[in-house]
Structure formats: C-alpha cells, structure tokens
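Below, each chain spelled out in residue letters.
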Amino acid sequence: MTILDSLSRLAPLRLDLDETAYSIGDYEGAGTRWCHGCGNSAILTALQKLCAEEQLPPEKTVIVSGIGCASRLPHYMGTYGFHGLHGRALPTAEGVKVRRPDLHVFVSTGDGDCFSIGAAHWIHAIRYNMDMTVMVHDNRIYGLTKKQASPTSPRGLVTSTTPRGVKLDPLNPVAATLGMSNVSFVAQAADWLPSILYDILHRAYLHRGLSFIHILQRCPNYLDDDFDEYIRHPERVVLLTHPQGIEPEDAVARRFPNRIEHDPGDMAHALALARMSDGLPVGILYRDDAVPCYEDLLAPRRLPVASRIAALEHELDRFTVRPDGSRSDRSGEVIPPPARALAG
Ligand code: SF4
C-alpha cells in the first residue's frame, strides 16, 4: 500500500471555522471600580465563569441593571449590557426578552434597586415569569449613595437616613418572593461561598423561567462586619441539597456541618426555611418548571405558508396606491380615488 493510499483512508482533516471556544477572558469588560474586598466581585466572577462554561456567545448575552453599586456590573462584562434607571432593571430586561427571546438575559440589581424603588416591578416580573436570571446583590445598605438605610437594613442600624437607628425589622426578600403569583425559582446564596454561589447560578441559568437569586453580599466599606456571624460560624449556614437543587462535592459540603436534604418542589418547607431565624439557608429553596413563561404565551401560532403569504399581501395592499389613485381599506375593499384625483 502506498503512502497516498494510507492517507486516503484517514478521516479527512477539516478546519471548522464556525467552531468557537470562549474563555473567561472573553467576558471581561472594563476594570472594576468596586471597593477592595467588595462582594460584588465574587458575583461577577461567578457570572463570567458561567458564561464560559455554557459557551454563551457574548453578542447573544445581555446584562441589564438599574442603579447602585451592583448595577455597575454590565460595564465589567464583555457582553451587551444596559445600565438603566433606578428600580427599572426588571421591566427593561422584560422588554429585551419579549422582543429578542433568543438572547440570554441576566439582571444585576441590588436591595435598594429591587426591593425599594423597584418593588412593584419585582412583584410583576415574578408573575410574568420571563426566562431570565435575576441576581439581587443584597448588602443591606445603599452603598453608592453613601450609607442610607435600605429595606433589608437590620433593625437598629445607624445610617445617614436613620441617625437614631432603623426602626423596622428588615424585609425578608426570599419569603416575600415565595409568596408571589407564578413564582418558579427562588434561591439564596452568599458571595463568600463561591462554589455554592456558582452551583446555584448554574442551576438558575438552566431553569426556564425567571430565576430569582437572593445573594448576601459584603460591603466592607460601610458594613464591614455585617455577615460575620455566618462567615466565622459556618455551622450557622444551613446548606440545602437535593438532586433537583444543588449537590456540592463532598469536599465542599463537609465544610457545612448543618446540611438538609430539601426538595425544591416543597413550597411549605421552602417557606419554613425562608422564615427560619436561627440560621441562614443557602441553596435552592423552590422551583417549579411547569410555570409558563410570558413570552411563550405571546408566541404566534405557526400558520401554513400559503396563509402567511396571503396575510402578508393583505398587509402590503393596505399601503398600495394604484395609478388611478384608488387604494384598499383594512378588509381589502377597494376605495375609489378622491374626487379631486378623478377630476385631474
Ligand atoms: Fe462594594 Fe460597598 Fe464599595 Fe459599593 S460601597 S463598591 S457595595 S464595598
């Protein structure tokens, strides 16, 4: 057998120019301007890692935000982004999704942006259940505007807007979200637990519908010891595991002596966990894959080709002005030309 014969038996070598592999670097945008040690950086890293893992085309990925420290995140991604108005991240993201359901939509918002000025949009975004991943960075303070109380600030916290301390108990965002109509995915994560955060974010991305992730996020600039009770005492973190939730590797799970097998389909248990006062549940509290997405309800039914051509011609006819000046009305009825045109 000649060398040429041998070569001809080999599978043909092919250079596939369409094949693209994205690395984490492809999702890096501008250099971050968050404070040193800010928990937002861990959330950004998890998102970039997810995009690389799932090979999301940067030109098909959109990060939408409102206003606040968390809302600077789109600038730091090498994807499309929309840094919007205060409290309006969710309706903006819904607008993107309704017109371009093919895009991967993520929302980066904060406790002030989402739970205060944006609270009405939060309720209705959950109800509309459009396919997007919502990351709420909850640092329990307004950081960008220099330490004002937010809806999740702890009672007694002295801030620039509460010099005698916050008078009310904080809002419970997870319990509140679980109580909303059409809720389909609720999780809780923490920036200082990066591998758990990543597992949750990954599950949230794979879920079809609105995935709501409440992420506890450190703000060393204004609340430097805020989550110390959980950081220094991991036994106070309650790790939720389940085949339908997250299943961290043994080496990670062993760091949490307090672990619970929680079925995310069990709403009553999810609510009980969300309201627990003697620990911090971390994991996927609830998911229901059967809740319809609003964009699917809008999708037009596919018509046969002949019907689509007839409908298109009917539409075009509405704008046709014939040489004699006549035209068609909405029903296709011919309208004669105006008298002046006839006279001319
Ligand atoms: Fe992060 Fe707080 Fe600095 Fe804002 S003020 S960038 S939340 S550390």
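As the structure is a computational prediction, the values presented were derived from the model and not from experiment.

Rules and cut-offs
- Residues numbered from 1 in each chain as written.
- Predicted model: local features only at pLDDT ≥ 70, side-chain atom pairs only at ≥ 80, totals over all residues.
- Heavy atoms only, no water.
- Helix = DSSP H or I, 4+ residues; strand = E, 2+ residues; numbered from the N terminus.
- Rg over C-alpha atoms; globule rule 2.2 N^0.38 Å.
- Buried < 20%, exposed > 50% of the residue type's maximum accessible area, 1.4 Å probe, protein only.
- Contact = heavy atoms within 4.5 Å.
- Areas by Shrake-Rupley, 256 points an atom, 1.4 Å probe, with all protein chains shown as cover.
- Lys, Arg positive; Asp, Glu negative; His and termini not counted.
- Charge placed at Lys NZ, Arg CZ, Asp CG, Glu CD.
- Near = heavy atom within 4 Å.
- 1 Å grid on protein atoms, 1.4 Å probe; cavity = no way out; pocket = protein on both sides within 12 Å on 5 of 7 lines; lining within 4 Å.
- Sits in = over half its atoms within 2 Å of the grid points.
- Nonpolar A, V, L, I, M, F, W, Y, C, P; charged D, E, K, R; others polar.
- Points joined across faces, edges and corners; volume = space filled by probe spheres on them.
- Patch = residues over 30% accessible without salt bridge, like charges linked within 9 Å, V, L, I, M, F, W, Y side chains within 5 Å.
- Salt bridge = Lys/Arg side-chain N within 4 Å of Asp/Glu carboxyl O.
- Pairing = 2+ DSSP bridges.
- Axes fitted to C-alpha atoms, helices over the stretch in contact; angles between N-to-C directions.

Chemist: Even after reading the chapter, I still don't get the overall build of the protein chain, so can you show me in this structure?
Modeler: Regarding its fold elements, the protein chain presents 13 helices and 11 strands. The globule rule puts the C-alpha radius of gyration for 344 residues at 20 Å, and the 26 Å found for the protein chain is more than 25% above it. Counting only residues that meet the buried cut, the protein chain has 44% of its 344 residues in that class. Of the contacts made within the protein chain by residues no fewer than 6 positions apart, 66% connect residues no fewer than 24 positions apart. In the form shown here, the protein chain has an accessible surface area of approximately 18,600 Å², with 54% of it arising from carbon and sulfur atoms. Of the side-chain charges in the protein chain, 35 are positive and 41 negative, and the distance between the mean point of each set is 6 Å.

Chemist: Explain the site of the ligand to me, please; I cannot follow it from the model alone.
Modeler: Neighbouring the ligand are Trp34, Cys35, Cys38, Cys69, Asn139, Gly143, Gln217, Cys219, Pro220, Asn221 and Tyr222. When each cavity is represented as a set of grid points, the ligand is found to reside in the second largest pocket. Each residue belonging to the shell around the ligand can be placed in one class, and the counts come to 7 nonpolar, 4 polar and no charged.

Chemist: What am I meant to see in the layout of surface pockets here?
Modeler: One water molecule sets the probe size; rolling that probe over the atoms shows where empty space is left. Here the largest pocket is characterised by a volume of approximately 500 Å³. As for the largest pocket, its lining consists of 24 residues, and the residues nearest its centre are Arg140, Asn172, Tyr230, Met276 and Leu280. Elements that contribute at least two residues to the lining of the largest pocket include exactly helix H6 (173–178), strand E6 (210–216), helix H8 (228–231) and strand E9 (280–287). Counting residues per element, the lining of the largest pocket draws most heavily on E9, at 3 residues. When its residues are assigned to classes, the lining of the largest pocket shows 13 nonpolar, 6 polar and 5 charged. What the second largest pocket holds in volume is close to 250 Å³.

Chemist: Hey, could you run me through empty space enclosed by the protein in this one?
Modeler: Scanning the entire structure with this criterion turns up 1 cavity of 30 Å³ or more. When residues of the lining of the largest cavity are traced back to their parent elements, those giving at least two are helix H3 (89–99) and helix H4 (111–117). With 3 residues, H3 is the single largest residue contributor to the lining of the largest cavity. In terms of residue class, the lining of the largest cavity is built from 4 nonpolar, 4 polar and 2 charged.

Chemist: Quick question: what am I supposed to make of a negative patch on the surface here?
Modeler: Taken together, the side chains of Glu247, Glu261, Asp263 and Asp266 define an acidic patch exposed on the protein surface. Assignment of secondary structure puts glutamate 247 in the loop between strand E7 (237–241) and helix H9 (250–253).

Chemist: Looking at this structure, I do not really get the sheet that holds strand E2 (residues 80–83). What am I missing?
Modeler: Strand pairing in a sheet takes place through backbone hydrogen bonds and is either antiparallel or parallel in direction. Pairing in this open sheet of 9 strands is mixed, and the strands run E2-E1-E3-E4-E6-E5-E9-E7-E8 from one edge to the other. Two strands lie at the open edges of the sheet, namely E2 and strand E8 (259–261), each paired on one side alone. The average undirected angle you get between the axes of adjacent strands in this sheet is 20 degrees. Two strands pair when backbone bridges link them, and strand E5 (residues 185–190) and E6 are joined in this way by 5 bridges, in the parallel orientation. Counterpart to alanine 189 in the pairing with E6 is isoleucine 215. The strands touched by H3 are strand E1 (61–65), E2, strand E3 (104–110) and strand E4 (132–138); relative to E3, the strand with the most contacts, the crossing angle is about 175 degrees. Along the sheet, helix H10 (residues 267–274) contacts E7, E8 and E9; its crossing angle with E9, the most-contacted strand, is approximately 155 degrees.

Nothing here speaks to function; it is all geometry.
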